[in-house]
Amino acid sequence: MEILLDTVDSEAKKILEYNIKNTSDELEQNIATYDKNFEMNENKLFKHLNDHIGKIIPDRNMSLAFYDCTTYYFESFDEDGFRERGMSKDNKRNETQVVMGLLIDTNGIPISYRLFKGNKHELHTMEEVIDDILNNYTIKEIIIVVIGA
């Protein structure tokens, strides 16, 4: 009887491991698809909002835009793959955080924003934002000015 239980447990273990691996792979694919769809819809939403603002403010100037990053920290020490420890502008060294990059027009009206993992340096956030600007907006000339503190 003991030999039979060992065989069943071994087979059950193989089946469970196989199912867990397949479920994990499927979950990763679903998350990737969700993220891609969310980003596409987010871009559509920003375009729609900017078109609507353009109707309200017909002379809206989007030939010049300003970009800034800030960090939002959580009263938590648990990292989760998005909330991470990073360079905090508030010197919150132990809390987890996210980084937000905000793009505004000359009137201070938001054009777009993006959230980044908390351990991403703000200089590297600009790469994604510049790609987004060039692909989704009429802003074609970008001048980068960095003001150090």
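Conventions used here
- Residues numbered from 1 in each chain as written.
- Predicted model: local features only at pLDDT ≥ 70, side-chain atom pairs only at ≥ 80, totals over all residues.
- Heavy atoms only, no water.
- Pairing = 2+ DSSP bridges.
- Helix = DSSP H or I, 4+ residues; strand = E, 2+ residues; numbered from the N terminus.
- Axes fitted to C-alpha atoms, helices over the stretch in contact; angles between N-to-C directions.
- Contact = heavy atoms within 4.5 Å.
- Salt bridge = Lys/Arg side-chain N within 4 Å of Asp/Glu carboxyl O.
- Buried < 20%, exposed > 50% of the residue type's maximum accessible area, 1.4 Å probe, protein only.
- Patch = residues over 30% accessible without salt bridge, like charges linked within 9 Å, V, L, I, M, F, W, Y side chains within 5 Å.
- Areas by Shrake-Rupley, 256 points an atom, 1.4 Å probe, with all protein chains shown as cover.
- Phe/Tyr/Trp six-rings, centres within 6.5 Å; stacked < 30°, edge-to-face > 60°.
- Lys NZ or Arg CZ within 6 Å of the ring centre and 35° of its normal.

To continue, consider the sheet that holds strand 3 (residues 110-117). If you walk across this open sheet you meet the three strands as 1-2-3, and the pairing is antiparallel. Single-partner strands in this sheet number two, and they are strand 1 (65-73) and strand 3. The average angle at which neighbouring strand axes cross in this sheet is 20 degrees, direction not considered. Alignment of strand 1 against strand 2 (residues 97-105), held across nine bridges, turns out to be antiparallel. Considered in strand 2, the bridge of Cys-69 is made with Gly-101. On top of the sheet, helix 2 (residues 122-136) reaches strand 1, strand 2 and strand 3; it is set at about 135 degrees to strand 3, its chief contact.

Attention shifts here to the pattern of salt bridges. Evaluated as defined, the whole model comprises seven salt bridges. Between Arg-114 and Glu-39 there is a salt bridge; the shortest N-O distance is 4.0 Å. Remark: Glu-39 occurs in helix 1 (residues 2-56) and Arg-114 occurs in strand 3; sequence separation between them is 75 residues. Exposure remark for Arg-114: the relative accessible area of 12% places this residue in the buried category.

Moving on, we get to a nonpolar patch on the surface. There is a patch of nonpolar side chains on the surface, built from Phe-82, Tyr-113 and Leu-115 and spanning about 260 Å² of accessible area. By the element assignment, Tyr-113 lies in strand 3. We classify Tyr-113 as partly exposed; its relative accessible area is 34%.

Glancing now at the side chain of Asn-43. Structurally, the position occupied by Asn-43 is in helix 1. The residues touching Asn-43, leaving out its near neighbours within four places in the chain, are Arg-114, Asp-132 and Asn-136.

What follows covers the packing of aromatic side chains. Considering all chains together, one arrives at two aromatic pairs under this definition. Between Tyr-34 and Phe-38 the ring centres are 6.1 Å apart and the planes differ by 25 degrees, which places this aromatic pair in the stacked class. In this pair, Tyr-34 and Phe-38 both sit in helix 1, four residues apart, roughly one turn of the helix. Between Phe-46 and Tyr-113, the ring centres sit 5.4 Å apart and the planes meet at 80 degrees, which makes this aromatic pair edge-to-face. Of the two residues, Phe-46 is situated in helix 1 and Tyr-113 in strand 3; the sequence distance between them amounts to 67 residues. Over the aromatic face of Phe-74 sits the side chain of Arg-83, whose NZ or CZ is 5.2 Å from the ring centroid.

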